[in-house]
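A structural walkthrough
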Amino acid sequence: MLKIHTSLTKCKQNFVPLTPNKVTLSVCGMTVYDYCHLGHARVMIVFDMVVRWFRVSGFDVTYVRNITDIDDKIIKRAQENNETIEILTARFIRAMDEDAASLGVLPPSYEPRATQYVEKMISMIQVLMDKDIAYAASNGDVYYAVSRFPGYGKLSGKVSADLYAGERVTVDPYKKDPLDFVLWKAVKSNEPCWTAPWGKGRPGWHIECSAMCEHYLGNHFDIHGGGQDLQFPHHENEIAQSEAAHDAPFVNYWMHNGFVRIDNEKMSKSLDNFFTVREVLACYQPEVVRFFILRAHYRSPLNYSDGHLEDARHSLDRLYTALKGSVEIAKKTLDWNDPHAKRFMEAMDDDFNTPEAIAVLFDLANETNKTGMRKGAILLKSLGGVLGLLQQDPQQYFQNKVVIGDSSFTTEHIEQLIQHRIAARETGNYTKADHIRKELLDAGITLEDSPQGTTWRRG
RNA sequence: GGCGGGGUGGCAGAGUGGUUAUGCAGCGGCCUGCAAAGCCGUGUACGGCGGUUCGAUUCCGCCCUUCGCCUCCA
């Protein structure tokens, strides 16, 4: 039985879907005004893993990962670049999809954009106004009156009385209560806007998720996820909006993944300590990045450094080494009664414990190396596939690694040197043979002699 | 200030009231012309102080420390 940790109760609970064998899942995607950084990559990879596991477990998953394509930062960036927000956001949506694809992240069922659902947001805001939960201020903004929603704070554990709003930011004078948040921003000059019954403007951030969730998943769905930093206020506000508008519960399980850190600090745009996915992929294979992220539990903080990625690469090498020579693995259905598979399943069912699941992979690799049995390699590849790993041809994995230093060693050149070395060895000229090997090693290429011949790999 | 999550062997990172996590790195051995890979062997790790217990890294309390949220943020 699958257990999921939900932020609502801060403990693991048995997963019981609203509809048998179906999962409705929404994850807050990104605001598209720049390239994805590793923090975004973590969200995408983690929930991709979650979706894959649900599917393997026999669930029919509807996965919505929405895109924020209208907000202050987007408007600002478009103005700086002297381009329209449509052109700006289209570019970064494309970049995001490319990054996701290279990291082995399967496309979500739906990837809606906020600007396509403004009508829906307007009608939702209208419902809240009709219920006297939202109010229009004299400046044209529309706010949500937090005091009108009794459940406010149930997700984040923040009690209204403790939220001394105004302690750290200047209070918006148009709010009736400092805790109130904006649903609709009145239009300012030169900004894109939509027409609403109470005036022109654009939606606030939180309402878009409530609207898109309602559209794709209904008033009440199974799981909502995102980065830890969205728990408050974003998700708390979503609950307030949706539950007040629908008079129904919103989400049963809230999943929040931990941050990626640099030097023990949260990776973020404001701290300017982030690495984009593209920067990292210039030096490491995408699968190494995916492996690096999955080898930590999704709720734990994950420190990023070159050293850690290097470490992950060596670990992944070990797994692929065990797969060598087993390229022609037939597509077989997984035997979940196998002790290793069973252990893997138990780990995954325990709140998606991928570190433990990956430990099973290493045990399997060891057994495969020891016995030389193809059965182990087949299972290893199959279980790896459940996590979106180990699906490359091993030779390709070892030979197509990202070349950082000397790229003058082409495959032909390498093969040629290997032939020279073989000739030298046959005549007992080990000095020459070792010299060639050293030359290749200095270029980052390792040779491996075996009774079957000489093979090479990068790294 | 309020609230919340952490502190595990050289590094990364799971887990558990008593018995090997796992990986990387290191050391010794086997294999090899020598290597590499692999295999075998190898490390008195659980922040501090009390408490509960036959027994705690694991439960409880306090302390230290660290990170995060409370403002945009995945």
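A brief report on the enclosed structure follows. (Residues numbered from 1 in each chain as written. Chains lettered and ligands numbered in written order. Predicted model: local features only at pLDDT ≥ 70, side-chain atom pairs only at ≥ 80, totals over all residues. Heavy atoms only, no water.)

Quick word on the environment of Leu103
With respect to the helices, strands and loops of the structure, Leu103 is situated in the loop between helix 3 (85–102) and helix 4 (118–130). Residues Leu103 and Leu389, spaced 286 residues apart in sequence, show a C-alpha to C-alpha distance of 10.0 Å. Among residues more than four places away in sequence, those in contact with Leu103 are Ala41, Ile45, Val277, Leu281, Pro286, Val289 and Arg290. (Helix = DSSP H or I, 4+ residues; strand = E, 2+ residues; numbered from the N terminus. Contact = heavy atoms within 4.5 Å.)

Some points on the nonpolar core
Among the nonpolar cores identified, the biggest contains 123 residues, and Phe54, Tyr144, Phe344 and Phe352 are the most heavily contacted of them. Top element by residues in this core is helix 1 (residues 38–56). It accounts for 12 residues. The residue makeup of this core includes at least three contributed by each of domain 1 (3–266) and domain 2 (306–397). Not counting residues up to four positions away in its chain, the partners in contact with Phe54 are Leu2, Ile4, Phe15, Val23, Phe59, Val61, Ile223 and Phe352. (Core = buried A, V, L, I, M, F, W, Y, C linked by side-chain atoms within 4.5 Å. Buried < 20%, exposed > 50% of the residue type's maximum accessible area, 1.4 Å probe, protein only. Domains from an automatic or database assignment.)

Brief notes about unusual backbone geometry
That bond from Phe232 to Pro233 is cis: its omega, 0°, falls within 30 degrees of zero. In this fold, Pro233 is placed in helix 6 (residues 231–246). Phi is positive for Asn82, close to 55°, though the residue is something other than glycine. Asn82 gets classed as exposed once you look at its relative accessible area, which sits at 72%.

With respect to the side chain of Ser242
Its location among the elements puts Ser242 in helix 6. By relative accessible area, which is 0% here, Ser242 ends up buried. Of the polar contacts made by the side chain of Ser242, one reaches the side chain of Ser210; its length is 2.9 Å. Contacts of Ser242, omitting those with residues within four sequence positions, involve Met124, Ser210, Asp247 and Phe250. (Polar contact = N/O pair within 3.5 Å; in protein donor to acceptor, adjacent residues only side chain to side chain.)

Brief notes about the pairing of strand 4 (residues 60–68)
Of all 9 residues making up strand 4, 7 are buried, and the element is well covered by its neighbours. Bridge count for strand 3 (residues 22–31) against strand 4 is 8 bridges, and the pairing is parallel. Directly across from Cys28, in strand 4, lies its bridge partner Asn66. (Pairing = 2+ DSSP bridges.)

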